[in-house]
Amino acid sequence: MMLSERDLIHWGEQVGAAVELPIFLGLRGQLGAGKSVLARAIARGAGVEGAMPSPTFNLLFRYPARGEAEVVHLDLYRLREPDELWELGWEELGQDAELVMVEWPERAGEHLPGDRWDIHLTAPEPGSSLRMVQVHRVGAPPHLPGFPVTLERG
Ligand SMILES: Nc1ncnc2c1ncn2[C@@H]1O[C@H](COP(=O)(O)OP(=O)(O)O)[C@@H](O)[C@H]1O
Ligand SMILES: [Mg+2]
């Protein structure tokens, strides 16, 4: 599936608005693939308001969302070793009404939860405004809304 930025954002907002919690989403892809664009769209759909700076140095930001929901946005690019995860409270993540999104989830290695979605974004060529979106279910996470994406235009 190839999506424009507009369509990716639209799908993300659908996911955030309708997804059952808790859920864990791994966002994969190279620098500039659109992981943060998608994370912000999902968070907005879940009711997060205001700016969402990149958790590049903090590694983790937490936001109140609709109702009891909380969005947890991580970027593990700068994680040096998987053991640093404990300082972030990694073991407690994915409980209650948390919507957990992790950029560079591969940095967590074997510590990734067994029930999750992996969403892989790839630009077909440098500078393209389209992204190939591949979604893999691992274990038995809640249903991912709007997938395959129904594109609404207009
Ligand atoms: N179809 C698309 N989907 C997502 N982002 C896109 C798309 N086309 C172009 N872009 C651009 O690619 C960049 C993605 O940046 P970002 O989400 O920060 O990447 P990452 O977090 O994966 O490093 C943004 O500048 C965005 O405007
Ligand atoms: Mg990013």
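On a predicted model such as this, the values are computed, not experimentally measured, just so you know.

1. Quick word on the site of ligand 1
Then step 1. Near ligand 1, the surroundings consist of 16 residues, among which E5, G32, K35, S36 and V37 are the closest.
Then step 2. At 3.1 Å, a side-chain N or O of R131 approaches an oxygen atom of ligand 1.
Then step 3. Elements with a minimum of two residues in the shell around ligand 1: β1 (2–4), α1 (5–18), α2 (35–45) and β7 (130–138).
Then step 4. For the shell around ligand 1, the element with the most residues is α2, which contributes 3 residues.
Then step 5. Classifying every residue of the shell around ligand 1 gives 6 nonpolar, 6 polar and 4 charged.

2. A short note on the coordination of the magnesium ion (ligand 2)
Then step 1. Looking at the magnesium ion (ligand 2), one finds its protein donor set to be S36 (OG) and E103 (OE), positioned 2.2 Å from the metal centre. With S36 in helix α2 and E103 in strand β5 (residues 98–103), this residue pair connects regions lying 67 residues apart in the sequence.
Then step 2. For E103, a relative accessible area of 3% puts it in the buried group.

3. A few points about a nonpolar patch on the surface
Then step 1. A contiguous nonpolar surface patch, about 230 Å² in accessible area, is contributed by M2, L130 and M132.
Then step 2. Examined against the element boundaries, M2 turns out to sit in strand β1.
Then step 3. Residue class for M2 comes out partly exposed when judged on its relative accessible area of 42%.

4. What to know about the packing of aromatic side chains
Then step 1. Evaluated as defined, the whole model comprises 3 aromatic pairs.
Then step 2. For the ring pair F24 and W90, a centre distance of 5.8 Å and an interplane angle of 85° mean the geometry is edge-to-face. With F24 in strand β2 (residues 23–28) and W90 in the loop between β4 (70–75) and β5, the pair connects residues that are 66 residues apart, well separated along the chain. A single burial state applies to F24 and to W90, both of which are buried.

5. Digging into the environment of I42
Then step 1. Along the chain, I42 turns up in helix α2.
Then step 2. Beyond its immediate chain neighbours, meaning those up to four positions away, I42 contacts G12, E13, V15, G16, L25, L99 and M101.

6. Examining the packing of α1 against α2
Then step 1. With their axes 6 Å apart at the nearest point, α1 and α2 run at an angle of 40° to one another. Our classification of the angle between α1 and α2 gives oblique. The handedness of the crossing between α1 and α2 is right-handed. Here E5, L8, I9, W11, G12, E13, V15, G16 and A17 of α1 come into contact with α2, specifically with V37, L38, A41, I42, R44 and G45.
Then step 2. Partitioned by chemical class, the residues of the contact of α1 with α2 number 9 nonpolar, 3 polar and 3 charged.

Rules behind the numbers
- Residues numbered from 1 in each chain as written.
- Chains lettered and ligands numbered in written order.
- Predicted model: local features only at pLDDT ≥ 70, side-chain atom pairs only at ≥ 80, totals over all residues.
- Heavy atoms only, no water.
- Near = heavy atom within 4 Å.
- Polar contact = N/O pair within 3.5 Å; in protein donor to acceptor, adjacent residues only side chain to side chain.
- Helix = DSSP H or I, 4+ residues; strand = E, 2+ residues; numbered from the N terminus.
- Nonpolar A, V, L, I, M, F, W, Y, C, P; charged D, E, K, R; others polar.
- Donors = N, O, S within 2.8 Å, 3.2 Å for Na, K, Ca; no water.
- Buried < 20%, exposed > 50% of the residue type's maximum accessible area, 1.4 Å probe, protein only.
- Patch = residues over 30% accessible without salt bridge, like charges linked within 9 Å, V, L, I, M, F, W, Y side chains within 5 Å.
- Areas by Shrake-Rupley, 256 points an atom, 1.4 Å probe, with all protein chains shown as cover.
- Salt bridge = Lys/Arg side-chain N within 4 Å of Asp/Glu carboxyl O.
- Phe/Tyr/Trp six-rings, centres within 6.5 Å; stacked < 30°, edge-to-face > 60°.
- Contact = heavy atoms within 4.5 Å.
- Axes fitted to C-alpha atoms, helices over the stretch in contact; angles between N-to-C directions.
- Parallel < 35°, antiparallel > 145°, perpendicular 65-115°, else oblique.
- Left-handed = near helix turned anticlockwise from the far one by under 90°.

Remember that the coordinates give geometry; whether it matters functionally is a separate question.
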